[in-house]
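Summary of structural features
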Amino acid sequence: SLTTLGIAVGVASLVALLSLGVGLQQLVDRSVARAGLFDTVSVRSRQSVPFGQPGGGRRGPRDAADIAPPRALDDAARKEIAALPNVLEVNPEVRFTAEARREPNSQLALVSGMAPSSQSSGTLDGMTGNFFSSPDAEEAIVQGDMAKRLLDNGQPPASLLGQEITLRFAQRQALPPPSEQAASDAPNQAVGPDEEAMGFSIVPSEKKFRVVGVLPASDSGGGQVGFNSAGLYLPLSVAEKMQVVQGADLRDVARSSSGTGTRYAALNVRASSPSAVAQIESSVAHMGFAAFSLIDVTRNLRTFFAIFDLFLGIFGSLALAVASLGIINTLVMAILERRREIGVLKALGAANRDVRQLFFAEAGVMGLVGGVFGVMLGWAIGRAIQFGTMVYLKRQGLNSPNIWSVPWWLVLGAIGFAVLVSLVSGIYPASRAARLDPVEALRYE
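What comes next concerns the included structure. Everything numeric here is computed off the predicted structure, so don't read it as measured data.

1. Points about the sheet that holds strand S11 (residues 289-293)
With antiparallel pairing, 4 strands are arranged side by side in an open sheet as S2-S10-S1-S11. Two strands bound the open sheet, and with one partner strand each, they are strand S2 (87-92) and S11. Across the sheet, the mean angle from the axis of one strand to that of its neighbour is 25°, orientation sign disregarded. Here 4 bridges tie strand S1 (residues 40-45) to strand S10 (residues 267-271), and the two strands are oriented antiparallel to one another. Note on S10: the bridge partner recorded for Thr 40 is Arg 270.

Written out as structure tokens, the structure is:
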């Protein structure tokens, strides 16, 4: 019983440690998956991605010759990407800096356009209020920290709901083509139908929005994870129509590359499933664009968790290794105490194999019973750690995520490992018992 208890303690330590490692990995996976990042591909013009950043100046050694030359990220490219298999939607990335003002307070904020599909993502977890009433509604969702800065001292962020804020931003105004400019100076000169504008001018503009949602502040455990994390969110279609100046606009003016229709700084492509992301990335790269997804980053993260789980498993197995010494000691002592029993069995015709199987069975039963009780004990330890973590985080005013998980493969693996260690530990005692001479065993009886 004491030997079996030692096995149970070893298995419990193994299950408790590995369940924490698995729980932490699942916590990261859930957070990223709920934010829609595992099925999202960010597409940019290859010329606009600096060398050394994801997708910048990088080509595979095999398909370098098959990749198309760099292209402008315009309306034609957007339609072409949207027609790819397993692509659900293609949305432009609209991000700009603006001054948010609610008299008498004002604050510079990073503003981002939010697609309707983002309503079900983890970006809006804990939000007070509602999502945009329609794609064209002049409404805004404000991050909690920014809401505090726009309100008077002492007011909770949620009190900003229903109020209006004014955004002051830099707006583009297209310049006329050269021929139109010349025609204004010389009315009799013809204007070419296919000529493009020379560029744009930048003018200050203002627009009012009604706050319909307030996200949690960072000090309350809130926060956003995603490509478009920002202090203020607008409906994507509204943000597009505002014709704001983005960083890529000035870069495109300096370049001589041509394109059709609207130019985009980046496009966010949503795939039907994370398994289709690699195929979409490859197709986009062969079109002449730079593609990047968080799956590329999480591969390294999964490697880290695999090594982390390996070390936890090694430390947890140390207690099981100590328990295996107890199995050997118990079975060797059993041989000394049961010499008469073994001698009688062999005198009645029991073969060495029969005696060996007897001790193997005893070792296996100790491993099985110890493994089952160890899994139960490890489950209880994991629950206690989870409960203690929840209590501590709540006292700190933070959210309490689930950091503990015992999957079925861990339960079966722990029990199987306990039985295997027990059988290996029983090899020497079983062989020693099988070699016992019945005459020597019964000499003193």
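2. So, the nonpolar core
One finds Phe 96, Val 142, Leu 167, Leu 232, Leu 234 and Met 242 to be the most contacted residues of the largest nonpolar core, which totals 27 residues. Excluding residues that lie within four positions of it along the chain, Phe 96 makes contacts with Ala 109, Leu 110, Val 111, Phe 169, Leu 234, Met 242, Val 244 and Val 245. Of all hydrophobic cores here, the second largest spans 26 residues; its members include Ile 342, Met 366, Val 375 and Ala 414.

3. Comments concerning the packing of aromatic side chains
Evaluation of the coordinates by the stated rule reveals 3 aromatic pairs. With a centroid separation of 4.8 Å and 50° between ring planes, the pair formed by Phe 131 and Phe 132 is classed as tilted. By relative accessible area, which is 13% here, Phe 131 ends up buried. Judged by relative accessible area, which is 9%, Phe 132 ranks as buried. The interplanar angle of 70° and the centroid separation of 6.0 Å between the aromatic rings of Trp 379 and Trp 404 together place this pair among those described as edge-to-face. Remark: Trp 404 occurs in the loop between helix H10 (352-395) and helix H11 (408-425) and Trp 379 occurs in helix H10; sequence separation between them is 25 residues.

4. Topic: the pairing of strand S4 (residues 105-114)
Sheet analysis places strand S3 (residues 95-102) next to S4, joined by 8 bridges and oriented antiparallel. Note that in S4 the partner of Phe 96 across the bridge is Val 111. As consecutive antiparallel partners, S3 and S4 are separated by 2 residues. Here S4 runs beside strand S9 (residues 232-235); their pairing, made up of 4 bridges, is parallel. Across the sheet, the residue bridging to Ser 112 is Tyr 233, located in S9.

5. Some remarks on the environment of Leu 150
Positionally, Leu 150 belongs in helix H3 (residues 144-150). With relative accessibility at 0%, the residue Leu 150 sits in the buried group. Along the primary structure Leu 150 and Arg 102 are separated by 48 residues, whereas in three dimensions their C-alpha atoms are 6.0 Å apart. Setting aside residues no more than four positions away along its own chain, Leu 150 makes contact with Ala 100, Arg 102, Asn 105, Ser 106, Gln 107, Leu 160 and Ile 165.

Reading the values: rules and limits
Residues numbered from 1 in each chain as written. Predicted model: local features only at pLDDT ≥ 70, side-chain atom pairs only at ≥ 80, totals over all residues. Heavy atoms only, no water. Pairing = 2+ DSSP bridges. Helix = DSSP H or I, 4+ residues; strand = E, 2+ residues; numbered from the N terminus. Axes fitted to C-alpha atoms, helices over the stretch in contact; angles between N-to-C directions. Core = buried A, V, L, I, M, F, W, Y, C linked by side-chain atoms within 4.5 Å. Buried < 20%, exposed > 50% of the residue type's maximum accessible area, 1.4 Å probe, protein only. Contact = heavy atoms within 4.5 Å. Phe/Tyr/Trp six-rings, centres within 6.5 Å; stacked < 30°, edge-to-face > 60°.

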